[in-house]
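Chain and residue survey
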Amino acid sequence: MALQWNDSLETGVAEIDHQHMEFIARINRIFDACRTGKSAQELRALLVFLEEYVVVHFGAEERHMKATAYPHYQEHKAQHDGFVHALAELKHQAATAGPGLSTQLSANRLLSEWLINHTGKFDRALGRHLCARAAPPSAPTAG
Ligand SMILES: [Fe+2]
């Protein structure tokens, strides 16, 4: 089943939201490759494609966190590092087991859970922090 962007994933930061949409598009290509029985080579290419994108995307989030002294940086960064590791394991599984049911289930679990648990919670919390930092100061009171 294809993943879809929805309001529960929105951070309110345009750059991050656009990257998440691209991330979902790439995940859906991987699901599609598993579902339609694409070759192991094609699946590997899609996983590499996702892996490269993750570096760019996590890098952008981490820059925002550092630039604004985000208090939960370490925890958030540890999640990113864990995902990079899990993605490497998925790539290994895809290379050894091929794009069959077991790889499909692993991909589905890893990528769907990431969206719900990381994007939907950690990235949204980051978005609230960044939006609060970007908000204009409240209007001065008279007198
Ligand atoms: Fe994140």
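For the structure, check the block above.
Cut-off values and rules
Residues numbered from 1 in each chain as written. Predicted model: local features only at pLDDT ≥ 70, side-chain atom pairs only at ≥ 80, totals over all residues. Heavy atoms only, no water. Phe/Tyr/Trp six-rings, centres within 6.5 Å; stacked < 30°, edge-to-face > 60°. Helix = DSSP H or I, 4+ residues; strand = E, 2+ residues; numbered from the N terminus. Buried < 20%, exposed > 50% of the residue type's maximum accessible area, 1.4 Å probe, protein only. Lys NZ or Arg CZ within 6 Å of the ring centre and 35° of its normal.

1. Quick look at the packing of aromatic side chains
Applying the stated criterion across every chain, the model contains four aromatic pairs. Ring geometry for Phe58 and Trp114: centres 5.7 Å apart, planes at 50°, overall tilted. Linking Phe58 in helix α2 (residues 40–67) with Trp114 in helix α4 (residues 101–134), this pair joins segments that are 56 residues apart in sequence. Assigned by exposure class, Phe58 and Trp114 land together as buried. For the ring pair Phe83 and Trp114, a centre distance of 4.3 Å and an interplane angle of 35° mean the geometry is tilted. With Phe83 in helix α3 (residues 73–97) and Trp114 in helix α4, the pair connects residues that are 31 residues apart, well separated along the chain. Taken as a pair, Phe83 and Trp114 share a single burial class, namely buried. The residue whose ring lies beneath Arg26 is Phe49, and the NZ or CZ to ring-centre distance is 3.6 Å.

Keep in mind these numbers describe shape, not what the thing actually does.
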